[in-house]
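In case you want the letters, here they are:
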Amino acid sequence: MQKSEALFLQAQKHIPGGVNSPVRAFKAVGGTPPFIVKADGPYIYDADGKQYIDYVQSWGPMVLGHNNALIRQAVIAAAENGLSFGAPTESEVTMAELVNSLVPSMEMLRMVNSGTEATMSAIRLARGVTGKDKILKFEGCYHGHADSLLVKAGSGALTLGVPSSPGIPEDFAKHTLTMEFNNLDSVVQAFEEYGDDIACIIVEPVAGNMNCIPPVEGFLQGLRDICDQYNSVLIFDEVMTGFRVARGGAQAFYGVTPDLTCLGKVIGGGMPVGAFGGKAEIMQQIAPTGPIYQAGTLSGNPVAMAAGLAALKQISAPGLYEQLSKTTQQIAQGIKSIANKHGVPMSVNYAGSMFGVFFTDIERVTNYQQAINCDTKTFNKFFHGMLKGGVYMAPASYEAGFVSAMHDQAIVDKTLEVTESVFSELTR
Ligand code: PMP
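Where an unreviewed UniProt entry is consulted, the protein appears under the name Glutamate-1-semialdehyde 2,1-aminomutase, with the organism given as Aliiglaciecola litoralis. Regarding the protein, the UniProt comment filed under Subunit (unreviewed entry) reads as follows: "Homodimer." According to its UniProt record, the protein has this under Subcellular location (unreviewed entry): "Cytoplasm".

Structure, rendered in structure tokens:
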């Protein structure tokens, strides 16, 4: 990795940590991140000419695989007509209609430029329409880096939140309640205490930022019922799960309908795009039809819309999500069987094309505390073994893995072959 090493050193002079988003720096696993020069299908290629099978997929967007020809052509064609107009375009109308047909609960929607913007705007809207200040989120869920969302649980159940980053005033954090994922009782308790002041619950319907943790039976429906009871807004943050766990997102997969949905990643086909939307009566409260302010110079950008539309049109291919689920299951179960064969305890979770491996003897990991108590030392050795063998997994034990439509049987077989040699080495 001579070139990547040189670039990483150079990068650190003018970019904090050498990266424009922290997890890319390999801080959790140590070592030098490969600098990437191109990507195609299931592969990424680094500056030293090495090819990797990629299970990060740009952290989720590339459900069709890298450098998809139709997305690339759509972007080039749109760019020929100019990069941004700051005025309405037909592609935004097509996008809104297409998203509504795929996710019917999004009766109206707004395009934004990132997942963070989507969640931040959805929360302002929920507060604005309910006139309430507090929000309820879950430990281990990540919803972007807006102030009220970078908040962790205070000490002891039911205490008000504390900032999880310097720079966030305690006065903001105290409005955020952080409960245990998959624990409905903790949510009921919070609503008994603060229910009249809780504007919304925001949840990743499949948690993908503490490894991969699907909801237990009844959890999402329970959140729906509590929000109905207290007139709070239920927000599904489907930035990661949207168009990935299923064509209609996690809400289609689990059959629970939120009031508002946040999207990102797949909806941009690789361009910086997010969206939030939901019930028309709520969305109409946004400016200019309503008093709640939200805006964006580059929102609905024509080149980004072209990429997103080309992605969303292709995900309607029959059988795509069945194939993605099957491949994901094969990879997750395959890694687990190899680990177990070598006497390494492992548990795996998967939902649609997201998966997670946990170095633990807990049979099913369902919450943050269990996820962070896994054996990170062994994970780090596993990660570096896989990387050396040409398989690029997420560089931290608390990140989900992603599978694309371009991960075919040969890619699965190769991944498991590398896994086998990594575990032989690990346990030697
Ligand atoms: N919500 C979820 C569930 C996410 O996974 C992420 C990013 N990984 C975000 C929000 C924030 O999105 P962005 O990084 O585009 O701001």
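There is more to say, and it comes next.
1. Concerning the site of the ligand
Close to the ligand lie 16 residues; Ser 114, Gly 115, Thr 116, Gly 144 and Val 239 are nearest. If you tally residues by element for the shell around the ligand, the top one is helix H4 (residues 115-130), at three residues. The residue makeup of the shell around the ligand, split by class, is four nonpolar, ten polar and two charged.

2. Some words on the environment of His 14
Structurally, His 14 is set in helix H1 (residues 2-14). Sequence separation of His 14 and Ala 126 is 112 residues, and the distance between their C-alpha atoms is 39 Å.

3. Remarks on the nonpolar core
Counting residues in hydrophobic clusters, the biggest one holds 124 residues, and the most contacted among them are Ala 126, Cys 200 and Ile 235. Ranked by the residues each element gives to this core, the list is headed by helix H10 (residues 302-314), at nine residues. Taken domain by domain, the makeup of this core includes at least three residues from each of domain 1 (2-63 + 318-426) and domain 2 (69-314). Apart from the residues within four sequence positions on either side, Cys 200 is in contact with Ile 123, Ala 126, Ile 135, Ser 232, Val 233, Leu 234 and Ile 235.

4. Observations concerning the domain arrangement of the protein
When cut into domains, the protein gives domain 1 (2-63 + 318-426) and domain 2 (69-314). Of note, the centres of domain 1 and domain 2, computed from C-alpha atoms alone, are 26 Å apart. Listed per partner, the contact involves 24 residues of domain 1 and 26 residues of domain 2. For the side of domain 1 that touches domain 2, the leading source of residues is strand S14 (residues 354-358), giving four residues.

5. A look at the packing of helix H13 (residues 376-388) against helix H14 (residues 409-426)
One can describe the packing of H13 onto H14 by two numbers: an axis separation of 9 Å at closest approach and a directional angle of 130 degrees. One element, H13, and the other, H14, form an angle in the oblique class. Here the hand of the crossing between H13 and H14 comes out right-handed. Note on element contacts: H14 touches H13 through Val 418, Val 422, Glu 425 and Leu 426, opposite Lys 381, Phe 382, Gly 385 and Met 386.

6. Details of the pairing of strand S3 (residues 51-54)
With three bridges connecting them, strand S2 (residues 43-46) and S3 associate as antiparallel partners. By the bridge assignment, Ile 44 is partnered in S3 with Tyr 52. The antiparallel hairpin formed by S2 and S3 contains four residues in its connecting segment, where Gly 49 sits at a positive phi of about 85 degrees. Inspection of the sheet shows S3 paired to strand S15 (residues 391-392) by two bridges, in the parallel sense. Bridging from a neighbouring strand, Ile 53 pairs with Val 391 of S15.

7. A short note on the packing of helix H3 (residues 90-102) against H10
Closest axis-to-axis distance for the H3/H10 pair is 10 Å, and the angle between their directions is 30 degrees. For the pair H3 and H10, the crossing hand works out as left-handed. Along its contact with H3, which presents Ser 91, Glu 92, Thr 94, Met 95, Leu 98 and Leu 102, the element H10 presents Pro 302, Met 305, Ala 306, Gly 308, Leu 309 and Leu 312. Residues that form the contact of H3 with H10 fall into these classes: eight nonpolar, three polar and one charged.

8. Side note on the sheet that holds S2
Read from one edge of the open sheet, four strands run S1-S2-S3-S15, paired in mixed fashion. With partners counted over all chains shown, the strands left at the sheet margins are strand S1 (36-40) and S15, one partner each.

9. Side note on the UniProt feature "modified residue: N6-(pyridoxal phosphate)lysine" (unreviewed entry) in the protein
In this numbering, the UniProt entry assigns the feature "modified residue: N6-(pyridoxal phosphate)lysine" (unreviewed entry) to Lys 265. With 27 C-beta atoms packed within 10 Å, Lys 265 lands in the buried category. With residues up to four places along the chain from it excluded, the contact list for Lys 265 reads Gly 60, Pro 61, Gly 115, Val 239 and Met 240.

10. Let's talk about the sheet that holds strand S5 (residues 134-138)
Strands sit in the order S4-S12-S11-S10-S9-S5-S8 across an open sheet of seven strands; the sheet is mixed. Of all strands in the sheet, those with a lone pairing partner are strand S4 (108-112) and strand S8 (176-179), marking the two edges. In this sheet, adjacent strand axes meet at a mean angle of 20 degrees when their direction is disregarded. In this sheet, strand S12 (residues 274-278) lies alongside strand S11 (residues 260-263) in antiparallel orientation, the contact comprising four bridges. From the neighbouring strand, Thr 261 faces S12, where its bridge partner is Gly 277. The strands that helix H6 (residues 184-194) touches are S5, S8 and strand S9 (198-203); relative to S8, the one it contacts most, it runs at about 155 degrees.

Rules used in this analysis
- Residues numbered from 1 in each chain as written.
- Predicted model: local features only at pLDDT ≥ 70, side-chain atom pairs only at ≥ 80, totals over all residues.
- UniProt positions renumbered as here; feature names shortened; annotations may be inferred.
- Near = placed C-beta within 6 Å.
- Helix = DSSP H or I, 4+ residues; strand = E, 2+ residues; numbered from the N terminus.
- Nonpolar A, V, L, I, M, F, W, Y, C, P; charged D, E, K, R; others polar.
- Core = buried A, V, L, I, M, F, W, Y, C linked by C-beta atoms within 7 Å.
- Buried ≥ 20, exposed ≤ 12 C-beta atoms within 10 Å, placed from the backbone.
- Domains from an automatic or database assignment.
- Contact = placed C-beta atoms within 7 Å.
- Axes fitted to C-alpha atoms, helices over the stretch in contact; angles between N-to-C directions.
- Parallel < 35°, antiparallel > 145°, perpendicular 65-115°, else oblique.
- Left-handed = near helix turned anticlockwise from the far one by under 90°.
- Pairing = 2+ DSSP bridges.

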